[in-house]
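Observations on chain architecture
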Amino acid sequence: MQLTRKGLWAGLINEFREHLPEISDDAITTLHEGNTPLIEMVNLRDIFGAIRVLFKFEGLNPTGSFKDRGMTFAVSKAREEGAKAVICASTGNTSASAAAYAARAGMKAYVLVPDGQIALGKLSQAMMHGALVLQIKGNFDEALEIVRKISEERPVTLVNSVNPYRIEGQKTAAFEVVEHLGYAPTYHFLPVGNAGNITAYWKGYKEYKAKGMISNLPKMMGFQAEGAAPIVLGHPVEDPQTIATAIKIGNPASWAGALAARDESGGFIGSVTDDEIIEAYKLVASREGVFCEPASAASIAGAIKMKNEGVLNDGDTIVCTLTGHGLKDPNTAINSSAKPVKIAADTKKILKLMGL
Ligand code: AN7
């Protein structure tokens, strides 16, 4: 049964079908991804002044990250083509999403992740969804090279964002921003790792402009972690380092796409330090009630930096994509927060501590 917009959200392939490459009904594999909220900033006026800031909270997708948008389409296409297995390299979220959608499609998932370098929530997802999880003694870039080669030689479909259907699915986030706002933002801020998402958003905005749905395009603003900033430096980084493990990537596959998004839109790709990332991560959780993962906060850290540098103007509308849910990475959350207070089960002592 195909649901429609009148009923439950039918997943982004059904909802945006007229804007996507053709796909047969039987192949559609959905967990009702997409339709994530655009949450208006209310408490950070001291930082942003008269700039309108909205958070596109992609952590509310079925597996907790934006990867589900690309994965629904990549796995559906693989299924249409008769594939029995999918493979990916991942800093965590792609593996969680690939494992879930493969399970849904009745396919095998093989995922390669850097050993000890992915957040616990993501690892638990890939394991629970029944993927074969291979923790390699190497980084993401090495894992990507290996899976690319395997997919060329063996009957497994590569579902990293070098698979063009991933980009097709992910571009729908830009459609949603436009439909929620009624126009395109002045600036769109994103964290950048493998650079698939900034490429996808730019494609989505350009398509809506070409179809007359918007009259202006946003400036695309990508932010890498300082220790993993190949696009900013202009060369690959052999041993990338950052607390934001999701974007610990030294040689992005969609490098050219990111440069095109930046240059065609008149945008910018910069870097933020781990301290700036953690500060933004805590700020949006503690003052806006929105819990994203550290890598996601690179978009907010970038927006704060641009505000402080005088790039943004009063009256601008800016959207920051929060790519993944904070629950993905409980260790970083706990390590960067005040410790809970241990206390006796004694009302008097508790009240004293509370200052009441
Ligand atoms: C939360 O899961 O590359 O620039 O293998 O998980 O499109 O790569 C994750 C990337 C941002 C960067 N925020 O997006 C993977 C992976 C979060 C992410 C990015 C990722 P791209």
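Here the structure is shown first, and the text comes after it.
A few points on the structure. (Residues numbered from 1 in each chain as written. Predicted model: local features only at pLDDT ≥ 70, side-chain atom pairs only at ≥ 80, totals over all residues. Heavy atoms only, no water.)

Secondary structure assignment for the protein chain yields 15 helices and 10 strands. The principal-axis extent of the C-alpha atoms belonging to the protein chain is close to 65 × 50 × 50 Å. Looking at the protein chain residue by residue over its 356 residues, the buried ones come to 57%. Within the protein chain, counting contacts between residues at least 6 apart in sequence, those at least 24 apart form 70% of the total. Approximately 15,400 Å² of the protein chain is accessible, and the part contributed by carbon and sulfur atoms is 53%. (Helix = DSSP H or I, 4+ residues; strand = E, 2+ residues; numbered from the N terminus. Buried < 20%, exposed > 50% of the residue type's maximum accessible area, 1.4 Å probe, protein only. Contact = heavy atoms within 4.5 Å. Areas by Shrake-Rupley, 256 points an atom, 1.4 Å probe, with all protein chains shown as cover.)

This part is about the site of the ligand. Inspection of the region around the ligand gives 23 residues, with Asn93, Thr94, Asn194, Ala195 and Thr323 positioned closest. Contact distances for the ligand include 2.8 Å between an oxygen atom and a backbone N or O atom of threonine 91. Alanine 195 places a main-chain nitrogen or oxygen 2.7 Å from an oxygen atom of the ligand. For the ligand, whose free accessible area comes to 470 Å², the fraction covered by protein is 99%. Every element with two or more residues in the shell around the ligand is listed here: helix H4 (93–105) and helix H9 (196–210). Taken together, the residues of the shell around the ligand sort by class into nine nonpolar, 12 polar and two charged. (Near = heavy atom within 4 Å. Polar contact = N/O pair within 3.5 Å; in protein donor to acceptor, adjacent residues only side chain to side chain. Nonpolar A, V, L, I, M, F, W, Y, C, P; charged D, E, K, R; others polar.)

Overall, parallel pairing links the four strands, which are arranged E5-E4-E3-E6 in an open sheet. Looking at which strands have only one partner, the edges of the open sheet turn out to be strand E5 (132–136) and strand E6 (157–158). Where helix H6 (residues 140–153) meets the sheet, it contacts strand E3 (85–89), strand E4 (108–114), E5 and E6, and its direction lies at approximately 155 degrees from that of E3. (Pairing = 2+ DSSP bridges. Axes fitted to C-alpha atoms, helices over the stretch in contact; angles between N-to-C directions.)

Okay, the sheet that holds strand E10 (residues 317–322) next. Judged by pairing direction, the sheet is mixed, and its six strands sit side by side in the order E1-E2-E10-E7-E8-E9 without closing on themselves. Each end of this open sheet is capped by a strand with a single partner; those strands are strand E1 (38–40) and strand E9 (268–272). If you compare each strand with its neighbour and ignore which way they point, the axes differ by 25 degrees on average. One ladder, built from three bridges, connects E1 with strand E2 (residues 52–57); its direction is antiparallel. Pairing of isoleucine 39 across the sheet is with phenylalanine 55, part of E2.

Before going further, it helps to examine the pattern of salt bridges. The full count for this structure, using the stated rule, is 16 salt bridges. Across the salt bridge formed by glutamate 207 and lysine 171, the nearest N and O atoms sit 2.8 Å from each other. Here lysine 171 lies in the loop between helix H7 (164–170) and helix H8 (172–181) and glutamate 207 lies in helix H9, a separation of 36 residues in the sequence. Taken as a pair, glutamate 207 and lysine 171 share a single burial class, namely buried. Overlapping salt bridges bring together Lys56, Glu58, Arg69 and Glu176 as one network. (Salt bridge = Lys/Arg side-chain N within 4 Å of Asp/Glu carboxyl O.)

By secondary structure assignment, the location of glutamate 33 is in the loop between helix H1 (12–15) and E1. At 3.2 Å, the side chain of glutamate 33 forms a polar contact with the backbone nitrogen of leucine 12. A polar contact is formed between the side chain of glutamate 33 and the side chain of tyrosine 101, at a distance of 2.6 Å. Setting aside residues up to four positions removed in sequence, glutamate 33 forms contacts with Trp9, Gly11, Leu12, Asn61, Pro62, Asp68, Arg69, Thr72 and Tyr101.

Ranked by size, the top nonpolar core spans 38 residues in total, and within it Phe48, Phe55, Phe189 and Ile318 carry the most contacts. If you list the elements that add at least two residues to this core, you get helix H2 (45–48), E2, strand E7 (187–191), strand E8 (219–225), helix H12 (274–288), helix H13 (297–308) and E10. Here this core gets seven residues from one element, more than from any other, and that element is H13. (Core = buried A, V, L, I, M, F, W, Y, C linked by side-chain atoms within 4.5 Å.)

Time to look at the environment of alanine 143. Inspection of the secondary structure assignment puts alanine 143 in helix H6. When its relative accessible area of 0% is taken as the criterion, alanine 143 is described as buried. Excluding residues within four positions of it along the chain, alanine 143 makes contact with Ala89, Leu112 and Ile136.

As a further point, take the state of the cysteines. This model, assessed by the stated rule, comprises zero disulfides. Here cysteine 292 is not cross-linked by a disulfide; its sulfur's nearest cysteine counterpart is in cysteine 320, at 9.7 Å. (Disulfide = S-S within 2.5 Å.)

What follows deals with a negative patch on the surface. Taken together, the side chains of Glu142, Glu145, Glu238 and Asp239 present a region of like negative charge at the surface. You can see glutamate 145 is positioned in helix H6. (Patch = residues over 30% accessible without salt bridge, like charges linked within 9 Å, V, L, I, M, F, W, Y side chains within 5 Å. Lys, Arg positive; Asp, Glu negative; His and termini not counted. Charge placed at Lys NZ, Arg CZ, Asp CG, Glu CD.)

Of all the six residues making up E10, six are buried; the element is thus mostly covered by neighbouring parts of the structure. Of the two faces of E10, the one holding Thr317, Val319 and Thr321 and the one holding Ile318, Cys320 and Leu322 are both buried throughout. Strand direction decides the pairing type here: E2 and E10, joined by six bridges, are parallel. By the bridge assignment for E10, lysine 56 is matched with threonine 321. By the bridge criterion, three bridges tie E7 to E10 in an arrangement that is parallel. Bridge pairing links histidine 188 to valine 319 in E10.

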